[in-house]
Amino acid sequence: MQFAACPECGAKINVPDDVAIGDVLSCPDCGLELEVKNVNSDCVEVDELQIEGEDWGE
Ligand SMILES: [Zn+2]
C-alpha cells in the first residue's frame, strides 16, 4: 500500500499498489477529486483534478 497527501486538507489517502499516473482518487476527508501526477517508490504525488471541457453555459 502506498499513500498520498491531499493538497487541500492534508489527509493521508490510501493508494492502490497498481496506481498509475492519470488515475483519479478522492480524498476521504474533504471529498476532493485528485489526479495522480507522479508515482514514486515511497509516495504518490496528486493534484486537484482539473475537469476540462466543462460546459460553462457560454
Ligand atoms: Zn482532502
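Residues numbered from 1 in each chain as written. Predicted model: local features only at pLDDT ≥ 70, side-chain atom pairs only at ≥ 80, totals over all residues. Heavy atoms only, no water.

Enquirer: Quick question: what am I supposed to make of the nonpolar core here?
Expert: In a soluble, globular protein the nonpolar side chains are often hidden away together inside. Counting 13 residues, the largest nonpolar core has C6, V15, C27, L34, V36, V44 and V46 as the members making the most contacts within it. Of all elements in the fold, only β2 (12–15), β4 (33–39) and β5 (44–48) reach the threshold of two or more residues within this core. Setting aside chain neighbours within four positions, we find L34 in contact with C6, P7, I13, D23, V24, L25, C27, V46, D47, E48 and L49. (Core = buried A, V, L, I, M, F, W, Y, C linked by side-chain atoms within 4.5 Å. Buried < 20%, exposed > 50% of the residue type's maximum accessible area, 1.4 Å probe, protein only. Helix = DSSP H or I, 4+ residues; strand = E, 2+ residues; numbered from the N terminus. Contact = heavy atoms within 4.5 Å.)

Enquirer: Mind showing me how you'd approach the coordination of the zinc ion here?
Expert: In ideal tetrahedral geometry, four donors around a metal make angles of 109.5 degrees, whereas ideal octahedral geometry with six donors gives angles of 90 or 180 degrees. Looking at the metal site, the zinc ion is ligated by C6 (SG), C9 (SG), C27 (SG) and C30 (SG), spaced 2.3 Å from it. Here the donor residues for the zinc ion map to a single chain with the spacing C-x2-C-x17-C-x2-C. Of this pair, C9 sits in the loop between β1 (2–5) and β2 while C30 sits in the loop between β3 (24–26) and β4, and the two are 21 residues apart along the sequence. On the basis of relative accessibility, which here comes to 40%, the residue C9 falls in the partly exposed class. Its relative accessible area of 39% is what places C30 among the partly exposed residues. (Donors = N, O, S within 2.8 Å, 3.2 Å for Na, K, Ca; no water.)

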